[in-house]
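Here are the chains, one letter per residue:
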Amino acid sequence: MAINQSTAPAVTGVRGPEREPVTLDVNGSTFPIELEPRVSLLDALREHLDLTGTKKGCDQGTCGACTVWVDGRRVLSCLTLAMSCEGHQVSTIEGIAQDGELHPMQQAFVDHDAFQCGYCTPGQIMSAIALLREGNATTDADIAEHMSGNICRCQAYPNIHAAIREVRDADDGG
Amino acid sequence: MSPVLGKPVNRVDGPDKVTGTGRYCGEIVLPGLAYGLIVGADVAKGRVVSIDESAARAAGGVYGILTHRNTPKVANAPHLIPSLAGQPAPGESFFPMQDDVVHYWGQPVALVVADSLESAAHAAALLDITYEESPAVATIEDGRKSAYEAETLFGGLMPARDERGDVTAALAAAEVTVDASYRYAANHHNPLETSVTTAQWDGDRLTLWDSTMGVRASQLTVASLLGIPLSDVRVITHFVGGGFGSKAMVWPHVTLAAMAARHVGRPVRLTLTRPQSFTSNGHREEQEQRITLGAGRDGRLTAIRHQKLSITSSFDDWAEPATGVSTQIYGCDNYLGSHSLIKGNTMTPTFTRAPGESLGSFSLETAMDRLAYELGMDPVELRIMNHPPVDNHGNPWSSDGMADCLRRGAELIGWADRDPTPGVRQEGDNLIGTGVAGAGYPVAFMMPVQHARARIFNDGSVVIQTSAQEFGIGVTTSMSQVGADGLGVDMDVLRFEAGDTDLPNTTSAVGSMGATMQSSAVHNAARTLRNELIAHAVADDKSPLHGLSPSSVRVADGRMTSTLDPSISESYADMLQRNRLLDLEALGSWTPPPFTTPHGLLTFGAQFAEVAVDKDLGLVRVRRMAGVFAPGRVLNPKLARSQLLGGMLWGLGQALLEGNQIDRQSGRWALNNLGEYLVPVHADIPDIQVEFVEVEDDVVGPLGVKGVGEVGQVGAAAAIANAVFHATGRRMSELPMTAEVVMNGGGAG
Amino acid sequence: MTMRPITFFRAGSIDDAVAAVSANPDSAFLAGGTTEIDLLRLGVIQPTLLVDVNELPLTYLEDTESGGVRIGAMARMSDVARAPRIVERYPGMSQALLLGASEQLRNMASMGGNMCQRTRCAYFRDGRSPCNKREPGSGCSALNGVNRGHAILGTSDQCIATHPSDVAVALVALDATVRTMGPDGIRTIPIEQFFLRPEDTPSVEHPLEHGELIVAIDVPDLPVARASRYVKHRDRASYEFALVSVFSAMRVDDKGNVAELRLALGGVGTVPWRAHRAEEALIGRPATPENFAAAADAELADADTRPMNAFKVTFAKRAIVRELSQVVTS
């Protein structure tokens, strides 16, 4: 690698730029892999762990297709370095359905036709479940505002709102 | 007709999409996969003087670099023809990296192939390319003096000028005229999945996983450019992350991926970055339109003149055919539509959802609104009055419904209570208004014969196949319904297989023609197989149905039953097993009516919107939308509603948010990401209603299906602009209607 | 589009972080990464060592001895926005945080990182156009380019890039203080001095030494801030940078005069813009729409506009007048 390390700091523990062993905790499983520090969490998931449910829409933090949870909080995996996730729990769309049973939010998305091409859908669902957990989905305006980081170019938005409302109300009403 | 057709069943690929297990074309796992990245030109016009690859090659992980010096020459020069025609369909009559000339900013000048995404990106940045730059013409303003009236559009496929009667005389004689000019910013499609092609060679045979709206178009185009037999090119696409026209034509990156894979001797995945997606698959061109209406005091249109000026590439006479809509949905004896072009340093523009109709209808429908106010007539009634029972060639509509759409939409939005006076309704800081527009989208029979195959196994399970591709239109679901209906089986026993050129031919699902042509072919295949199965049964002396007339046999749930005596029946499976037939299959085909079929062929609709306009700041928020459409038979109302919703909200984006322009200093698109090229987000979405008006159509195919992919967008922006007028008294003549446009009175026009 | 090879160091302590960056001129701190990873990938910034400070114990919110709030630099925007002491004492700051970016980005972005947020100027971000901020002396492409979103206040002939932050607008109005730790120890920087106008050196945005880490932001005790507000005007209803935003905290005395006013603007300045002129024009004067308009005129009097962004002058004036009028009526 053409990299100038002549002024490298006198600190230990600097990793890279070559591949280094990294342990990622994804969906409750531990994956020991080798990654360069420059690899994003998104690319680590898609290219190294073959977890392609998390989508790359922009790689710039402007679309939300790459939304995953780190320690239960929704974040953008395209702007997260995989190496910085060591010691943290990553959750992706692949871990949402349990024992082959769709999560209620996934089922609601199917029932309300809350997608067309499906490319933003995993990100929408990761955001929607997190939104209900965050407790900021009281009104339609709340839902719309707090989902706005997830762009759907097919414009399935009204149907996404209906799906979220259904799951919210089922949660509330038991 | 079985109950499955027309039922709002859930998408059959829904579980794949909500669990993230559906594989898109950039997610194919192949051993030894390499990653390609295009390097685009950094000047809008000029020449590549030098390319120093040394630093890029030294960076590590690089398998190969293609530039104009080592890229193979294409076997046949690309010639732009719309993909619906079923021929090679390059997006532009140009293939890059054949010489050192740069025609537009972002034109591919190199392609780096490396062992990882990161290595490819780093090496691409290290390529040292120098250019000799020449002054570019990249905007209408740059090239206004060189404008010329085009003779034909679309590679010669359609005339650029359409004239009936004597529009000049009719305008001079008109009791009332409206003359309005418009400026429209360019639009970029921005599907969430940027275009991606994964290419793999096996000897002389090429497999492409290509994010395309037409696998056959990709196959035809790549085979032609590479000069290899069609039988050696297989294109697969099971999931496509949206298209909206950007994946309707076949752009250079698809063939470059194949060239790169051959060059490095590995499978290559070539993905456009988001910024590259602004310079690699066309756009809706920057354009100006002028429309002049002439009418009698009674409101009847007597003249329509609709002119357009836009900028195209240096190699293609491309314009969205924006003026056609003005001669379609309203009757008028004197008409002139014309397109003027400027050749410049942009790539060839392309189809963008409702291409031509969306902006053409903006001009027409805002002008109709001006006319209504000029005459003191109700805008809904003016439209109904001018919508004729036959088209402007005197041909009857294959099916109509426009007046009913307008009336129903008026009910939904509460039109009856509307005070037409502009600028008098205020709520807080907002001015409130409502607006209407008519909508029409043509049914274009330019595709070749369509095929589908139906196959039943002797356990009663069924596979239906066509090469159709699923990019969100719901084809896998609706064609499962069509197949189940045609064959008389339950949807649960049927699998619809598509997205592969090894399957029977269908043409690109573009121009809102996908549902019409695919359903026709699938229906015919299923019907043909059903008829064969019945023929077997009635000829089989061991069958309880033996000797019956085929017409007296009905089928449901895979069971053939005598219509005369319901106790006489047997299942397809029993009949096949007894006859030691492991399976039976039938090819179905559909030949579209001739392009000149003597009918007016359109899907009609009506759009209504209610807006709130910030009286001081000019910001427009849409509060309600109502769209009513008459698309013939609706195969699946849940899916059709979604597509129409999507189109209407695209109209909202086009009205208020979406606009790009080229930076005149550099010739580059000013906006190249989703942070600044604004598409609607969740918070922009109004209360929205979609309804259907039922019309039967026995012209457009055996099932009477017209398209819904684009008509939802037609008129939507115009309805919003008319609502802004009703709210503020200001006529909008620019898109998007940004705050400053509204503040400043509606735009420069 | 690039992704240079980088090295990575996860700092276990503030001292380690400061030492690691100080020792390597090509290094940078990595906090939430929401701007930094984007710009790294775009090739706009080119550090070879990233020092990850996300694990540092800087996520706290605590009261200061003087009654204000100290916000740890690694506290995330979403957490700060919803912290009761912020919502109660500085509602306008909470609103500014919640109107920025998206929930995902707010969950990632740190308060310290937000202070170092970079402009969205397309010519800065493209990594190749002449840009004095990115490459001093190369020129400013925005002056005659597509500059609808660009600044009209605090500009120079070297740079008109708009500062993108929302919460920084609140913080300049609140006279916050940025606390840093550098090789020479702790230092405090009044926030208005923290954001440098471009003048002749647009590439220098902050008075920070290389290796100096923001560790906290102190917000003083300000009773007037309990009624503060932040309004953000933009093309789309969410997930967009401001065309114009207004932070206000105003107290009107029982005679109807403006007794206290803190006013700041976003979307119009090369830095988060404290509207000092408007404040001076109004304090002690009757809180009337006419005086609000005069104050807004005063604030925008020196606006430096171009055809594409000239609308922001009228827009900003009207937004100021409306905001102050609503404070009076509410």
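This one's a predicted model, so the numbers in the text were calculated from it and none came from an experiment.

Glancing now at the overall build of chain A. A count of helical and extended segments in chain A gives 5 helices and 5 strands. Listing every helix and strand of chain A by position from the N terminus yields β-β-α-β-β-β-α-α-α-α. When the 174 residues of chain A are sorted by exposure, 63% land in the buried category. Within chain A, counting contacts between residues at least 6 apart in sequence, those at least 24 apart form 52% of the total. In chain A, 12 side chains carry a positive charge and 24 a negative one; their mean positions are 6 Å apart.

Residue and element names in this part refer to chain A. When cut into domains, chain A gives domain 1 (20-95) and domain 2 (104-173). Here the C-alpha centroids of domain 1 and domain 2 sit 22 Å apart. With 17 residues of domain 1 at the interface, the matching set in domain 2 holds 16 residues. Here domain 1 and domain 2 share an interface that buries about 1,300 Å² over both sides, 53% of which is from carbon and sulfur atoms. Contact with domain 2 buries surface across domain 1, with Trp69, Arg74 and Ile93 losing the most and accounting together for 50% of the total. Arg74 is the partner of Glu134 in a salt bridge, and the nearest nitrogen-oxygen pair spans 2.9 Å.

Moving on, we come to the interface of chain A and chain C. Counting residues at the interface gives 46 residues for chain A and 44 residues for chain C. Summed over both partners, the interface of chain A with chain C buries about 3,400 Å², with 54% contributed by carbon and sulfur atoms. The partner of A:Arg73 in a salt bridge is C:Asp79, and the shortest N-O contact between them spans 3.0 Å. One can count 17 residue pairs in polar contact (both at pLDDT 80 or more) joining chain A with chain C. Elements supplying a minimum of two residues to the side of chain A that touches chain C: β4 (73-76), α3 (121-134) and α4 (140-146) of chain A. Sorting elements by how many residues they give to the side of chain A that touches chain C places β4(A) first, with 4 residues. Taken together, the residues of the side of chain A that touches chain C break down into 17 nonpolar, 21 polar and 8 charged.

Tallied over the entire structure, the rule returns 77 salt bridges over all chains. Between C:Asp38 and C:Arg125 there is a salt bridge, with its nearest N and O atoms 2.8 Å apart. In this pair, C:Asp38 is assigned in helix α2 (residues 36-42) and C:Arg125 in helix α8 (residues 122-125), connecting sequence segments 87 residues apart. Judged by its relative accessible area of 3%, C:Asp38 is buried. A relative accessible area of 7% places C:Arg125 in the buried class. Within the structure, one salt-bridge network assembled from shared partners comprises B:Asp429, B:Asp614, B:Lys615, B:Asp616 and C:Arg322.

Quick look at the packing of aromatic side chains now. Aromatic ring pairs are defined here through the distance separating the ring centres and the angle between the ring planes. Enumeration over the complete set of coordinates arrives at 19 aromatic pairs over all chains. Taking 6.4 Å as the distance between ring centres and 65° as the angle between the ring planes, the aromatic pair formed by B:Tyr104 and B:Phe315 counts as edge-to-face. Of the two residues, B:Tyr104 is situated in the loop between β4 (101-102) and β5 (108-114) and B:Phe315 in the loop between β17 (301-312) and β18 (335-343); the sequence distance between them amounts to 211 residues. Across the pair, exposure class does not vary: B:Tyr104 and B:Phe315 are buried alike. When the centroid spacing of 4.9 Å and the interplanar angle of 85° are considered together, the rings of B:Trp318 and B:Phe351 count as edge-to-face. With B:Trp318 in the loop between β17 and β18 and B:Phe351 in the loop between β18 and α8 (357-375), the pair connects residues that are 33 residues apart, well separated along the chain. In this pair, the class of B:Trp318 matches that of B:Phe351, namely buried. Through a chain of ring-to-ring contacts, three or more aromatic side chains come together here, namely A:Tyr119, B:Tyr24 and B:Phe239. Across the ring face of A:Trp69, the terminal group of A:Arg133 is positioned such that the distance to the ring centre comes to 4.1 Å. Positioned above the aromatic ring of B:Tyr63 is the side chain of B:Arg266, whose terminal nitrogen or guanidinium carbon lies 4.0 Å from the ring centre.

The next point concerns the pairing of strand β2 (residues 46-52) of chain B. Sheet analysis places β2(B) next to β4(B), joined by 2 bridges and oriented antiparallel. The residue of β4(B) that forms the bridge with B:Gly46 is B:Val102.

Let us now look at unusual backbone geometry. For the bond running from A:Gly16 to A:Pro17, omega is 5°, close enough to zero to count as cis. Looking at the secondary structure, you find A:Pro17 in the segment before β1 (20-26). Following B:Leu735, the chain continues to B:Pro736 via a peptide bond in cis, the omega torsion being -5°. The residue B:Asn190 is not glycine, and still its phi comes out positive at about 50°. By secondary structure assignment, the location of B:Asn190 is in the loop between β11 (176-184) and β12 (196-202). For B:Arg580, which is not glycine, the phi torsion reads 55° and is therefore positive.

Once that is clear, we can look at the packing of helix α11 (residues 475-487) of chain B against helix α12 (residues 514-539) of chain B. All names here are of chain B. The contact between α11 and α12 brings their axes to 8 Å, and the two run at 30°. Comparing their axes, α12 and α11 come out roughly parallel. Our pair here, α11 against α12, has a crossing hand that is right-handed. When α11 is examined against α12, the residues Val475, Met479, Val482, Gly483, Asp485, Gly486 and Leu487 are found in contact with a partner set consisting of Ala515, Gln518, Ser519, Val522, His523, Ala526, Arg527, Leu529, Arg530 and Leu533. The class makeup of the residues in the contact of α11 with α12 is 9 nonpolar, 5 polar and 3 charged.

Attention now goes to the sheet that holds strand β6 (residues 128-133) of chain B. All names here are of chain B. The strand order across the open sheet built from 3 strands is β4-β2-β6, with neighbouring strands paired in antiparallel fashion. Of all the strands in the sheet, the pair left with one neighbour each is β4 and β6. Strand direction decides the pairing type here: β2 and β6, joined by 6 bridges, are antiparallel. In the sheet register, Ser50 faces β6, and the bridge partner there is Thr130.

With that settled, consider the domain arrangement of chain B. A common way to express how large an interface is: the accessible area buried when the components associate. All names here are of chain B. As assigned here, chain B comprises domain 1 (32-135 + 204-242 + 247-273), domain 2 (149-186 + 284-444 + 597-743) and domain 3 (448-590). For domain 1 and domain 2, the distance between their C-alpha centroids amounts to 36 Å. Listed by partner, the interface residues are 17 residues for domain 1 and 17 residues for domain 2. Note on domain 1 versus domain 2: buried area summed over both sides is about 1,600 Å², and carbon and sulfur give 68% of it. Taken as a group, Leu80, Pro82 and Trp105 account for 29% of the area that domain 1 buries against domain 2, more than any other trio of residues on that side. Our enumeration of links across domain 1 and domain 2 arrives at 0 salt bridges.

The terminal C-alpha atoms of helix α13 (residues 311-329) of chain C, which comprises 19 residues, lie 27 Å apart, in line with the 27 Å expected from a rise of 1.5 Å per residue. Considered for burial, the residues of α13(C) that qualify are C:Phe311, C:Lys312, C:Val313, C:Phe315, C:Ala316, C:Ala319, C:Ile320, C:Arg322, C:Glu323, C:Leu324 and C:Val327.

Facing 59 residues of chain B, the contacting portion of chain A comprises 50 residues. In total, chain B and chain A occlude about 4,300 Å² of area from one another, counting both sides; carbon and sulfur atoms represent 55% of this. For the chain B face of the interface with chain A, the top three residues by lost area are B:Val18, B:Leu192 and B:His682, together amounting to 21%. In this structure, the connection of chain B to chain A is made through 6 salt bridges. There are 30 residue pairs in polar contact (both at pLDDT 80 or more) connecting chain B and chain A. The set of elements that each furnish at least two residues to the side of chain B that touches chain A consists of α1 (14-18), α3 (117-126) and α14 (637-656) of chain B. Among the elements that line the side of chain B that touches chain A, the one with the most residues is α14(B), at 9 residues.

Turning our attention to the confidence of the model for chain A. Mean pLDDT over chain A works out to 93, with 91% of the residues at or above the 70 mark. Per-residue pLDDT stays below 50 along residues 1-9 of chain A; that stretch engages in 22 contacts with residues further than four places along the chain or on separate chains.

Residues given the UniProt feature "domain: Aldehyde oxidase/xanthine dehydrogenase a/b hammerhead" (unreviewed entry) here are residues 19-135 of chain B. Within the segment residues 19-135 of chain B, helix and strand shares are 13% and 30% respectively, and the terminal C-alpha atoms sit 51 Å apart.

Attention now goes to the pairing of strand β3 (residues 62-67) of chain B. Residue and element names in this part refer to chain B. Most of β3 sits out of view: 5 of its 6 residues are buried. Two strands pair when backbone bridges link them, and β3 and β5 are joined in this way by 5 bridges, in the antiparallel orientation. Each residue of the ladder has a partner; that of Thr67, found in β5, is Ala110.

Criteria and thresholds
Per chain, the residues get numbers from 1 upward, laid out in the order the sequence is written. Chain letters start at A and ligand numbers start at 1, both assigned in the order the entries are written. Given that the model is predicted, a residue must reach a pLDDT of at least 70 before its local features are reported, and side-chain atom pairs must reach 80 or more before they are shown or counted; all residues, however, enter totals for whole chains, interfaces and linings. Only hydrogens and water are set aside; all other atoms, that is, all heavy atoms of the structure, feed into the side-chain values. Every helix listed is a DSSP run of H or I at least four residues long, and every strand listed is a run of E at least two residues long, numbered separately from the N terminus. Type-normalised accessible area, obtained with a 1.4 Å probe on protein chains alone, sets the label of each residue: buried when under 20%, exposed when over 50%, and partly exposed for intermediate values. Any two residues having at least one pair of non-hydrogen atoms within 4.5 Å are treated as being in contact. We treat Lys and Arg as the positive residues and Asp and Glu as the negative residues; His and chain ends play no part in the count. In plain terms, the charge of a residue is placed at NZ if it is Lys, CZ if Arg, CG if Asp and CD if Glu. Each domain's limits were defined by an automated method or a database of domain assignments. Using a 1.4 Å probe, buried area is obtained as the accessible area two parts lose upon being combined, added over both of them. What counts as a salt bridge is simple: a side-chain nitrogen of Lys or Arg found within 4 Å of a carboxyl oxygen of Asp or Glu. As used in this structure description, the phrase polar contact means that two N or O atoms lie within 3.5 Å; if the pair is within protein, one of them must be able to donate a hydrogen and the other to accept it, and residues adjacent in sequence are counted only when both atoms belong to side chains. We call Asp, Glu, Lys and Arg charged. Ala, Val, Leu, Ile, Met, Phe, Trp, Tyr, Cys and Pro are nonpolar, and the rest, Gly among them, are polar. Note on aromatic contacts: the rings of Phe and Tyr and the six-membered ring of Trp form a pair at centre separations within 6.5 Å, being stacked when their planes are under 30 degrees apart, edge-to-face when over 60 apart, and tilted otherwise. The rule for a charge over a ring is simple: NZ of Lys or CZ of Arg within 6 Å of the ring centre, and within 35 degrees of the ring normal. Pairing between strands requires that DSSP locate at least two bridges from one strand to the other. Angles here are taken between N-to-C directions and fall from 0 to 180 degrees, while the axes themselves are lines fitted to C-alpha atoms, restricted in helices to the stretch in contact. Orientation labels follow simple angle bins: below 35 degrees gives roughly parallel, above 145 gives roughly antiparallel, 65 to 115 gives roughly perpendicular, and whatever is left gives oblique. Handedness of a helix crossing follows the sense of rotation of the near helix relative to the far helix, less than a right angle counterclockwise being left-handed and clockwise being right-handed. Each helix should span, by expectation, one fewer than its residue count multiplied by 1.5 Å. Confidence scores per residue from the predictor, reported as pLDDT, run from 0 to 100. UniProt positions are given in the numbering used here, feature names are shortened, and annotations may be inferred rather than shown by experiment.

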